[in-house]
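# Structure assessment
Listed below, chain by chain, are the residues.
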Amino acid sequence: MYRTHTCGELRIENKGQKVTLAGWVQKARKLGGMTFIDLRDRYGITQLVVEADAPAALVEKATSLGREYVIQAVGEVVERQAKNPKMPTGEIEIRLEEITVLNKSVTPPFTIEEESDGGEDLRMKFRYLDLRRAPLQRALRLRHRVAHEVRNYLDAKGFMEIETPYLIKSTPEGARDFVVPSRMNPGQFYALPQSPQTFKQLLMVAGYDRYFQIVRCFRDEDLRADRQPEFTQIDCEMSFVEQEDVLGTFEGMMRTLFKNVLDVDIPDPLPRMSWYDAMDRYGSDKPDVRFGMEIHELTEVVKGKGFSVLDDAAYVGGIAVPGAAEYSRKEIDALTEWVKRPQVGAKGLIYIKVNADGSFKSSIDKFYTPEDLARIAAAAQAKPGDLLLVMSGPAKRKVQTMLGVLRLEMGGRLGLRDPKVFAPLWIVDFPLLEWDDETQRFYAMHHPFTAPKPEHEKWFYSNKKEDLERVCANAYDFVLNGNELGGGSIRIHNADMQKRMFEVLGIGPEEAEYKFGFIIHAFQYGAPPHGGLAFGFDRVCALMGGQDTIRDYIAFPKNNQGRDVMIDSPSEIDQAQLDELQLVSTASADNGADN
Ligand code: ASP
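The structure displayed is predicted, hence computed values, not measured ones.

### Regarding the packing of helix α9 (residues 329-340) against helix α11 (residues 396-413)
For the pair α9 and α11, interaxial distance at closest approach is 11 Å and the crossing angle is 135°. In terms of orientation, α9 and α11 fall into the oblique class. Between α9 and α11 the crossing geometry is right-handed. In this structure, α9 uses Leu-335, Trp-338 and Val-339 to contact α11, whose residues at the interface are Val-405, Leu-406, Glu-409, Met-410 and Arg-413. Taken together, the residues that form the contact of α9 with α11 break down as 6 nonpolar, no polar and 2 charged.

Set out below in structure tokens:
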């Protein structure tokens, strides 16, 4: 037997027992003739001690152990002189009688402890070593727990876990597909699924009325800070349901997760907010409602004082930052530069300090009297001591979005975004369609399988842009602390309506038939009403773990360039493979010409 206990298991109650442990040497140090070894496995750390009067061979062996050696150690559980209340095993140590080196290790490139001295890149390259560290162990354990709770909950509700294929058809809408060449069908390609959307709908047509899958999805997007080209969804679909049924089922799931994994109670029922309110009040369709600092429209109250920037703006809005009237000129200048960065994209920032004594100081004092400023401050609900920050522009949603970004920044600066506070809510009543000026066409705000609200169908069949813009969907997002954790909708289940949707999206009948014929046909064979949603599993785990980056919750993630630096992928393939696939890589041909 390699071990009788794990390294996280022994307590004072085990005193006097003879045990065998196996694990990795985190550290070995000599102290007054004694040798102490921290032995680690994924369960914890146990201190081993070789007494000064132990046989010389044992002392020698103990002192020769290097970091990350894998050893087996036999000894007796004894009470520690100097207890460590921070460690679960901190009351005991093992007085060693025998050490066996199971495998040596070369010196690891960084320290494998709670905090590591290794940089991000190095730790990614040696991910298998980084994964030995406690923070990553905790992350993966949490991920496992969440997956387990999801399966339990959904199983109890009658959901079946059904796998759908990874080699599917390319139908890009939204993100780009990853494609896979088919050797047996030269010149043809599979695509990896961006989500199992169409398959889960086909399962509904097939009568599997409650489906779920914890499933890998692939999107070939330019990677923003915290995206991964492959990520995992908790993907779900139900038949014979209305929006209310879906929301009830899945807020129940989230409530169970938070309770069973974190012992946190989230509100019952969860608050709901319409997409329109979320945009107006928070400048975001995924509002962080842990704090107020809401956006107030000031378009009318600022008009008519001769300041053309605001007079001519289609929309003016502001946020009152509590207690920030003290900001110095320099700080406000820095903030102005901050909003001008391309990530925010503002032209400038107007400020009004509502001083504690009731006076005002603003960047627009030339145009507005103290009475005017008082009216504006009142409209923005700014109190004495607040700093009112104002933005304006020709497009309401764009200004609101910029104010929303600024609001999050100010919330963060004021410490209002505590990761241990959870404020989940549903965003509902999304517009069905989104007009894109550049391409002069509508895009589906969620995806092309989302149904218009029944009461808006009249507009859905109209050919007027204003009508189509008004159509809402029974679409919903689960939002937590400024993150969209999940989203879904009630679907179209009627072939004609699905065809109309493609028409609205500018996808002609032939293209629709080529790309989506299978689902349109399936809808002709008794498709039941259905709807569902998917949660971003990695992000659910990260947020539950109090982190905002998903990378630590994925065992082997990619870096920001979409590379796996550990296995060095993507990589070139050899000519024989290309030939077999009947592919010519213009990239490598170019490289060849350069060389
Ligand atoms: N398939 C959708 C997505 O990945 C979610 C859904 O509507 O179920 O965003």
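Now that the structure has been shown, the text picks up again.
### Side note on helix α1 (residues 56-63)
What α1 keeps buried is the set Leu-58, Val-59 and Ala-62. Down the axis of α1, the smallest arc covering the buried residues is 100°, so these residues share one side. Among the exposed residues of α1, those oriented more than 90 degrees off its buried face are Ala-56, Ala-57 and Glu-60. Where α1 is buried, its residues meet β1 (18-31), β2 (34-41), β3 (44-50) and β5 (92-103).

### Regarding the site of the ligand
Contacts to the ligand come from Ser-195, Gln-197, Lys-200, Arg-219, Gln-233, His-446, His-447, Gly-487, Gly-488, Arg-491, Leu-533 and Ala-534. At a separation of 3.1 Å, a nitrogen atom of the ligand approaches a polar side-chain atom of Ser-195. Here an oxygen atom of the ligand sits 2.8 Å away from a polar atom, N or O, in the side chain of Arg-491. In the complex, 88% of the free accessible area of the ligand, which totals 270 Å², lies under the protein chains. Elements supplying a minimum of two residues to the shell around the ligand: α5 (197-205), β21 (483-490) and β22 (530-536). For the shell around the ligand, the residue count by class is 2 nonpolar, 7 polar and 3 charged.

### Section: the sheet that holds strand β4 (residues 70-79)
Sheet strands pair via backbone hydrogen bonds, and the direction of the pair is either parallel or antiparallel. One closed barrel holds the 5 strands; their spatial order is β1-β2-β3-β5-β4, and the pairing between them is mixed. Ignoring which end each strand starts from, the neighbouring axes of this sheet average 55° apart. Bridge analysis of β4 against β5 gives 10 bridges, and the strand direction is antiparallel. Bridge assignment links Glu-76 to a residue of β5, and that residue is Arg-95. Across the sheet, α1 is in contact with β1, β2, β3 and β5; its angle to β5 comes to roughly 75°.

### A short note on the sheet that holds strand β12 (residues 296-297)
The antiparallel open sheet is built from 5 strands, whose spatial order is β12-β13-β16-β14-β15. One side of each edge strand has no neighbouring strand; the edge strands of this open sheet are β12 and β15 (360-362). In this sheet, strand β13 (residues 315-321) lies alongside β12 in antiparallel orientation, the contact comprising 2 bridges. If you follow His-296 over to β13, its bridge partner there is Gly-318. Across the face of the sheet, helix α10 (residues 370-379) comes into contact with β12, β14 (350-354), β15 and β16 (387-393) while running at roughly 90° to β15. Relative to the sheet, α11 contacts β13 and β16, its axis offset from that of β13 by approximately 10°.

### So, the packing of aromatic side chains
For the coordinates displayed, the defined rule picks out 15 aromatic pairs. Ring plane angle 80° and centroid distance 6.2 Å describe the contact between Trp-426 and Tyr-476, whose orientation is recorded as edge-to-face. Highlighted residues: Trp-426 in strand β17 (residues 424-428) and Tyr-476 in strand β20 (residues 475-480), separated in sequence by 50 residues. Of the two residues examined, Trp-426 and Tyr-476, each falls in the buried class.

### So, the layout of surface pockets
Approximately 630 Å³ is the volume found for the second largest pocket. Lining the second largest pocket are 28 residues, and of these Gly-44, Ile-45, Met-87, Glu-114 and Ala-134 sit closest to its centre. Sorting the residues of the lining of the second largest pocket by element identifies β1, β2, β3 and α4 (134-156) as the ones contributing at least two each. With 4 residues, α4 is the single largest residue contributor to the lining of the second largest pocket. For the lining of the second largest pocket, the residue count by class is 7 nonpolar, 7 polar and 14 charged.

### Some words on empty space enclosed by the protein
Enumeration over the complete set of coordinates arrives at 2 cavities of 30 Å³ or more. Taken as a whole, the largest cavity spans an internal volume of roughly 50 Å³. If you go around the largest cavity, the residues you meet are Met-124, Arg-127, Phe-556, Pro-557, Asp-564, Val-565 and Met-566. Grouping the constituent residues of the lining of the largest cavity by class yields 5 nonpolar, no polar and 2 charged.

### With respect to the packing of α4 against helix α16 (residues 537-544)
Packing of α4 against α16 brings their axes to within 10 Å, and their N-to-C directions diverge by 120°. Considering the angle they form, α4 stands oblique to α16. Note on packing geometry: the crossing formed by α4 with α16 is right-handed. Residues Leu-142, Arg-143, Val-146 and Ala-147 of α4 lie in contact with α16, whose contacting residues are Phe-537, Asp-538, Val-540, Cys-541 and Met-544. Split into classes, the residues belonging to the contact of α4 with α16 amount to 7 nonpolar, no polar and 2 charged.

### A word on the nonpolar core
Counting 43 residues, the largest nonpolar core has Val-146, Phe-250 and Met-254 as the members making the most contacts within it. Sort the elements by how many residues they give to this core and helix α6 (residues 243-262) lands first, with 8 residues. Within the second largest apolar cluster, 37 residues are counted, among which are Ala-495, Phe-502, Phe-516 and Ala-527.

### Considerations on the pattern of salt bridges
By the definition in use, this model includes 44 salt bridges. In this structure, the salt-bridge partner of Arg-132 is Glu-68, at a minimum N-O distance of 2.8 Å. One end of the pair, Arg-132, is in the loop between α3 (127-130) and α4; the other, Glu-68, is in the loop between α1 and β4, with 64 residues separating them in the sequence. On the basis of relative accessibility, which here comes to 3%, the residue Glu-68 falls in the buried class. Note that Arg-470 is salt-bridged to Asp-467, the shortest N-O span being 2.9 Å. With Arg-470 and Asp-467 both in helix α13 (residues 465-470) and 3 residues apart, this pair spans about one turn of that helix. The buried category is assigned to Asp-467, whose relative accessible area is 12%. Taken together, the shared-partner salt bridges in this structure form one network comprising Glu-120, Arg-123, Asp-130, Arg-133 and Arg-551.

Basis of the calculations
- Residues numbered from 1 in each chain as written.
- Predicted model: local features only at pLDDT ≥ 70, side-chain atom pairs only at ≥ 80, totals over all residues.
- Heavy atoms only, no water.
- Axes fitted to C-alpha atoms, helices over the stretch in contact; angles between N-to-C directions.
- Helix = DSSP H or I, 4+ residues; strand = E, 2+ residues; numbered from the N terminus.
- Parallel < 35°, antiparallel > 145°, perpendicular 65-115°, else oblique.
- Left-handed = near helix turned anticlockwise from the far one by under 90°.
- Contact = heavy atoms within 4.5 Å.
- Nonpolar A, V, L, I, M, F, W, Y, C, P; charged D, E, K, R; others polar.
- Buried < 20%, exposed > 50% of the residue type's maximum accessible area, 1.4 Å probe, protein only.
- Arc of directions from axis to C-beta.
- Near = heavy atom within 4 Å.
- Polar contact = N/O pair within 3.5 Å; in protein donor to acceptor, adjacent residues only side chain to side chain.
- Areas by Shrake-Rupley, 256 points an atom, 1.4 Å probe, with all protein chains shown as cover.
- Pairing = 2+ DSSP bridges.
- Phe/Tyr/Trp six-rings, centres within 6.5 Å; stacked < 30°, edge-to-face > 60°.
- 1 Å grid on protein atoms, 1.4 Å probe; cavity = no way out; pocket = protein on both sides within 12 Å on 5 of 7 lines; lining within 4 Å.
- Points joined across faces, edges and corners; volume = space filled by probe spheres on them.
- Core = buried A, V, L, I, M, F, W, Y, C linked by side-chain atoms within 4.5 Å.
- Salt bridge = Lys/Arg side-chain N within 4 Å of Asp/Glu carboxyl O.

Function-wise, these values are silent; they only describe arrangement.
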